[in-house]
Amino acid sequence: PRGLRFYSDKNFGETSKKVVEILGKINKFGANFSLQTETEETLKQINRKNLTPVKLNESISWARNLNIPTSTEFIFGLPGETFDSFVSQLAKAVERGFDAINCANLTILNGTEMKRKSFRDEYDFTSKYRINGSNYGLINNEFCVEYEEIVVSSNRFSYEEFLMVRLLIVMFYAIFTLQFYRWFFHSLRYVGIPIVDFIIRFASPENRSSWPEKYRNFVIDLNRDIKEEFFDSVDELETFAEKAFKERKLDDRISAKLNVFYGARLAFMERDWTHDVLLRHIQE
């Protein structure tokens with residue numbers, strides 16, 4: 001194989017370190033410390049323990065000394081999580097110097113505790129549905145589509161805050177997975193600019209008419225497709241997907257996830273304006 005992904009248990013002990021060292025560059029994630037959340041209330045609600053901050057920092061230093069890239073993962077929407085607590089975790093992850101910071105929305109799976117009505121009622125979960133990548137088509141002449149149920153609001157965060165986090169997830173994928181101006185965004189903290197604040201500003205520029213047209217179009221497309229990615233019901237999702245499939249109108253928001261499409265668009269297709277726009281935001 002040209003590459004693989006290695007996940008360790010949450011303790012990341014000596015055996016895990018040895019595996020990471022042996023795999024070397026073939027290990028695509030390097031040293032992965034999957035946190036999901038660092039909010040104490042949330043960790044208690046989901047009965048999870050992470051590495052202690054001291055152990056985490058020691059492990060990151062160990063990897064850095066061996067020139068091994070580090071990565072972590074967060075999930076937005078868990079019980080007890082707020083927009084502010086999630087954003088602060090992203091800022092802390094950047095401060096720690098993770099090479100890759102992967103984010104995802106909370107997905108409700110059949111058979112799990114979070115699927116139970118009592119659990120959903122306790123945390124006032126509201127969910128919507130989205131098509132799972134390109135997993136759709138005809139099976140024995142019957143149209144089938146795979147979908148995900150995503151928590152879009154709770155008693156701790158609003159739907160508007162969810163949409164903002166969804167935007168952050170797209171941008172973090174572009175920056176930390178596709179390495180769109182990664183060192184630029186890492187350096188923001190040295191001039192006192194929080195990375196999340198910068199991204200929100202980047203995706204919602206003031207005085208739009210004064211910015212390059214291609215940049216304005218990118219922002220419009222991104223915000224529109226984030227809202228249109230989700231469906232209120234499975235029936236609505238299936239009807240849309242089947243109609244698009246039969247008409248062969250498979251636009252990018254059904255055939256590919258937004259992270260990949262907009263991340264690639266930023267990193268490879270929008271190069272004629274990104275440099276000047278980023279610098280102008282810094283100046284302003």
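Everything below is about the structure printed above this text.
Residues numbered from 1 in each chain as written. Predicted model: local features only at pLDDT ≥ 70, side-chain atom pairs only at ≥ 80, totals over all residues. Heavy atoms only, no water.

## Notes on the overall build of the protein
Stage number 1. When you go through the protein residue by residue, the secondary structure sums to 13 helices and 6 strands.
Stage number 2. For a compact globule of 284 residues, the expected C-alpha radius of gyration is about 19 Å, and the protein comes in at 20 Å, within 12% of that figure.
Stage number 3. The burial tally for the protein puts 48% of its 284 residues in the buried class.
Stage number 4. When contacts within the protein are restricted to residue pairs at least 6 apart in sequence, long-range pairs at least 24 apart make up 70% of them.
Stage number 5. A total accessible area of about 15,200 Å² is found for the protein, and carbon and sulfur atoms account for 49% of it.
Stage number 6. Put simply, the protein has 39 plus and 41 minus side-chain charges, and the middle of one group is 5 Å from the middle of the other. (Helix = DSSP H or I, 4+ residues; strand = E, 2+ residues; numbered from the N terminus. Rg over C-alpha atoms; globule rule 2.2 N^0.38 Å. Buried < 20%, exposed > 50% of the residue type's maximum accessible area, 1.4 Å probe, protein only. Contact = heavy atoms within 4.5 Å. Areas by Shrake-Rupley, 256 points an atom, 1.4 Å probe, with all protein chains shown as cover. Lys, Arg positive; Asp, Glu negative; His and termini not counted. Charge placed at Lys NZ, Arg CZ, Asp CG, Glu CD.)

## Re the sheet that holds strand 5 (residues 126–139)
Within a sheet, each strand pairs with its neighbour through backbone hydrogen bonds, oriented either parallel or antiparallel.
Stage number 1. Strand order across the open sheet formed by 3 strands is 4-6-5, with antiparallel pairing between neighbours. Here the strands that pair on one side only, and so sit at the sheet edges, are strand 4 (107–108) and strand 5.
Stage number 2. Where helix 6 (residues 159–176) meets the sheet, its contacts fall on strand 5 and strand 6 (142–153), and the angle it forms with strand 6 comes to roughly 110 degrees. (Pairing = 2+ DSSP bridges. Axes fitted to C-alpha atoms, helices over the stretch in contact; angles between N-to-C directions.)

## Side note on helix 6
Stage number 1. In a regular helix each residue adds 1.5 Å, so 18 residues correspond to 26 Å; helix 6 covers 25 Å between its end C-alpha atoms and thus fits that length.
Stage number 2. The buried count for helix 6 comes to 13 of 18 residues, which makes it a mostly enclosed element. (Expected span 1.5 Å × (residues − 1).)

## Points about the sheet that holds strand 3 (residues 100–105)
Stage number 1. Read from one edge of the open sheet, 3 strands run 1-2-3, paired in parallel fashion. The open sheet terminates on both sides in strands that have one partner only, identified here as strand 1 (31–36) and strand 3. In this sheet, adjacent strand axes meet at a mean angle of 20 degrees when their direction is disregarded.
Stage number 2. Pairing of strand 1 with strand 2 (residues 70–76) involves 5 bridges; the strand directions are parallel.

## Observations concerning the side chain of Glu148
Stage number 1. Looking at the secondary structure, you find Glu148 in strand 6.
Stage number 2. For Glu148, a relative accessible area of 13% corresponds to the buried category.
Stage number 3. Polar contacts involving the side chain of Glu148 include one to the side chain of Arg130, which spans 2.8 Å.
Stage number 4. Polar contacts involving the side chain of Glu148 include one to the side chain of Lys257, which spans 3.5 Å.
Stage number 5. When residues no more than four places from it in sequence are discounted, the contact partners of Glu148 are Thr107, Lys128, Tyr129, Arg130, Asn132 and Lys257. (Polar contact = N/O pair within 3.5 Å; in protein donor to acceptor, adjacent residues only side chain to side chain.)

## A short note on the nonpolar core
Stage number 1. The biggest cluster of nonpolar side chains holds 70 residues, and the ones touching the most others in it are Leu90, Ile101, Phe172, Phe185, Ile195, Ile199 and Phe202.
Stage number 2. A total of 12 residues in this core trace back to one element, the largest contributor, which is helix 6.
Stage number 3. Apart from the residues lying within four places of it in its own chain, the contact partners of Ile195 are Val94, Phe172, Phe176, Phe185 and Leu188. (Core = buried A, V, L, I, M, F, W, Y, C linked by side-chain atoms within 4.5 Å.)

## Observations regarding the packing of helix 6 against helix 9 (residues 213–228)
The angle between the axes and the distance between the axes are what describe a pair of packed helices.
Stage number 1. The interhelical angle for the contact between helix 6 and helix 9, taken along N-to-C directions, is 120 degrees, at an axis separation of 10 Å. Between helix 6 and helix 9, the interaxial angle falls into the category oblique. The handedness of the crossing between helix 6 and helix 9 is right-handed. Here Tyr159, Leu163, Arg166, Leu167 and Val170 of helix 6 come into contact with helix 9, specifically with Leu222, Asn223, Ile226 and Lys227.
Stage number 2. Grouping the amino acids of the contact of helix 6 with helix 9 by side-chain chemistry returns 6 nonpolar, 1 polar and 2 charged. (Parallel < 35°, antiparallel > 145°, perpendicular 65-115°, else oblique. Left-handed = near helix turned anticlockwise from the far one by under 90°. Nonpolar A, V, L, I, M, F, W, Y, C, P; charged D, E, K, R; others polar.)

## What to know about the pairing of strand 6
Stage number 1. Bridge analysis of strand 4 against strand 6 gives 2 bridges, and the strand direction is antiparallel. Bridging across to strand 6, Thr107 finds its partner in Ile150.
Stage number 2. Two elements, strand 5 and strand 6, share 10 bridges in a ladder whose sense is antiparallel. Of the residues in strand 6, the one forming a bridge with Ser127 is Val151.
Stage number 3. Linkage of strand 5 to strand 6, two consecutive antiparallel strands, is achieved through a turn of 2 residues, within which Asn140 is found at a positive phi near 50 degrees.

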